[in-house]
Amino acid sequence: AGPDEADEAVRGTCEDASVCKRFAVSVGYWKDPYIQYFVRQAKERKAPEINRGKLEWGWRHLAGLKADKTSVHGQGYLIKAFLKKTECNCQIVNLGAGMDTLFWRLKDENLLPRKYFEVDFPMIVARKIHNIKSKPPLSKPIMESHSGDSLLIDSHSLDSSRYSIVGADLRFSSDLEEKLKKHNLDVHLPTLLVAECVLVYMTPQQSANLLKWAASTFPVAMFINYEQVNMMDRFGHIMIENLQRRQCNLAGVEVCRSLDSQRERLLLNGWETARAIDMMKVYSFLPQADVRRIEALEFLDEKELFEQLMQHYCICWASKDSSNLGNVLQHV
Ligand code: SAM
């Protein structure tokens, strides 16, 4: 495939991710009143979707987002801990955000950072903006949190006081930075960068550049990366078949070889502390009552397969200026 087709395949993963999320929400893994406005309902249940729902539930739980309808464990890990630690005097930059609904959910919880930025390919951003413009449940919260002059909106970017979305290619950090700064990115605010299943689509060099850019741009920052790990068997074959379904070039697969290589990538590119754990570990320390509720939601006849899959996804997080943010990291 040429570069354009390769990028088109990567953009296609946005649709996959949001279909999975909408499906998981419809089954009851977690609540998300907004995902329905971004994606059609999946017609049938597929094993990968069931498994991905369970995985994603675990990631949300660790992120400290409202993962669970019934959970009484209000403890916030990672994202929520960062917001609380900085008392929301911070920014969030969601890299490769796709149709993610975190902005709307944080607003509902009264946990909006000073400004929430999203970045994705211009084509994806155009689709997201179209949805926002045409669906009042999406546009209203943006208007409500907006103050001052009229909000800026065109087909490839939207800028309001608290929410901004820009179309940019994450492989070109100077263009990225310029666009974010036009939308009033303040590099001196504590900044949380989130990448959910995004870096794996870049070459090791490209993701290293992005991480290096982030580390050198923000003096106080945290980076959270949720993606595949342990991807290759000892012959160098990629082990998760459904990831190849779109014939995406999983360019970053080298880095996703192990938890150590994930951690190393962060430490080698300017981050001061870094941790990486697989989802198996995440599941082992989440409140077991919550885990049992999740396990009861859908019957899984291939428990072993799910356990394997859990070892193929990880959460990594890194910080800069750990004297300011150390406590956030020690939560886990
Ligand atoms: N983070 C979202 C989520 O979890 O729902 C979307 C995940 S989807 C698997 C990967 C996203 O990364 C897609 O929306 C894709 O367009 C975006 N992406 C990948 N490479 C990118 C790049 N070089 N520049 C901008 N966006 C990119």
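This text goes with the structure placed above it.
Residue positions are given per chain, counted from 1 along the sequence in the order it is written. Residue-level local features of this predicted model are given only where pLDDT is at least 70; pairs of side-chain atoms are given and counted only at 80 or more, and the full residue set underlies all totals for whole chains, interfaces and linings. Only heavy atoms go into the side-chain values, all of them from the structure, while hydrogens and water stay out.

Any chance you could explain the pairing of strand 2 (residues 115–120) here in plain terms?
On a regular strand, each side chain points to the face opposite its neighbour's, so the side chains alternate between the two faces of the sheet. Throughout this description, buried means an accessible area under 20% of the type-specific maximum (1.4 Å probe, protein chains only), exposed means over 50%, and partly exposed covers the range between. Only DSSP runs of H or I reaching four residues or more are called helices, and only runs of E reaching two or more are called strands; each is numbered from the N terminus. Of all six residues that make up strand 2, six are buried, and the element is covered over most of its length. The pairing of strand 1 (residues 91–95) with strand 2 spans five bridges and is parallel. Bridging from a neighbouring strand, Gln-91 pairs with Lys-115 of strand 2. By convention, a crossover is right-handed whenever its connection, traced from the first strand over the helix to the second and viewed with the strands pointing away, goes clockwise. In the classification by handedness, the crossover that spans strand 1, the intervening helix 4 (residues 102–108) and the parallel strand 2 is right-handed. The sheet contact formed by strand 2 and strand 5 (residues 163–167) spans five bridges and is parallel. Residue pairing in the sheet places Tyr-116 in a bridge with Tyr-163 of strand 5. Note: two strands are recorded as paired if DSSP finds a minimum of 2 bridges between them.

How should I be thinking about the pattern of salt bridges in this particular structure?
As a working rule, side chains carrying opposite charge can pair if their charged atoms are close by. Put simply, a salt bridge is a Lys or Arg side-chain nitrogen that is within 4 Å of an Asp or Glu carboxyl oxygen. The full count for this structure, using the stated rule, is 17 salt bridges. Across the salt bridge formed by Lys-128 and Glu-118, the nearest N and O atoms sit 2.8 Å from each other. Of this pair, Lys-128 sits in helix 5 (residues 122–134) while Glu-118 sits in strand 2, placing them ten residues apart in sequence. The salt bridge involving Arg-171 is made with Asp-169; its shortest N-O contact spans 2.8 Å. We classify Arg-171 as partly exposed; its relative accessible area is 26%. For Asp-169, a relative accessible area of 16% translates into the label buried.

What's the story with the packing of aromatic side chains in this structure? I'm lost.
The geometry of an aromatic ring pair comes down to the distance between the two centres and the angle between the two planes. Stacked, tilted and edge-to-face are the three classes assigned to paired rings of Phe, Tyr and Trp, where Trp is represented by its six-membered ring and a pair needs centres within 6.5 Å; plane angles under 30 degrees give stacked, over 60 edge-to-face, the rest tilted. On inspection of all chains with the given rule, the structure shows ten aromatic pairs. Look at Phe-103 and Tyr-163: their rings are 4.7 Å apart centre to centre, the planes differ by 45°, and that puts the pair in the tilted class. Separated by 60 residues along the polypeptide, Phe-103 in helix 4 and Tyr-163 in strand 5 bring together distant segments of the chain. Comparing Phe-103 with Tyr-163 shows no difference in burial state: the two are buried. Among the aromatic side chains, those forming a connected cluster through ring pairs are Phe-38, Phe-103, Trp-104, Tyr-116 and Tyr-163. The lysine or arginine in question, Arg-11, covers the ring of Phe-121, its NZ or CZ lying 5.0 Å from the ring centre. A cation over an aromatic ring shows up here: Lys-128 above the ring of Phe-38, its NZ or CZ 5.3 Å from the ring centre. Any Lys NZ or Arg CZ that is within 6 Å of a ring centre and within 35 degrees of that ring's normal is treated as a charge sitting over the ring.

Everything listed is a geometric property; what it means functionally is a separate question.
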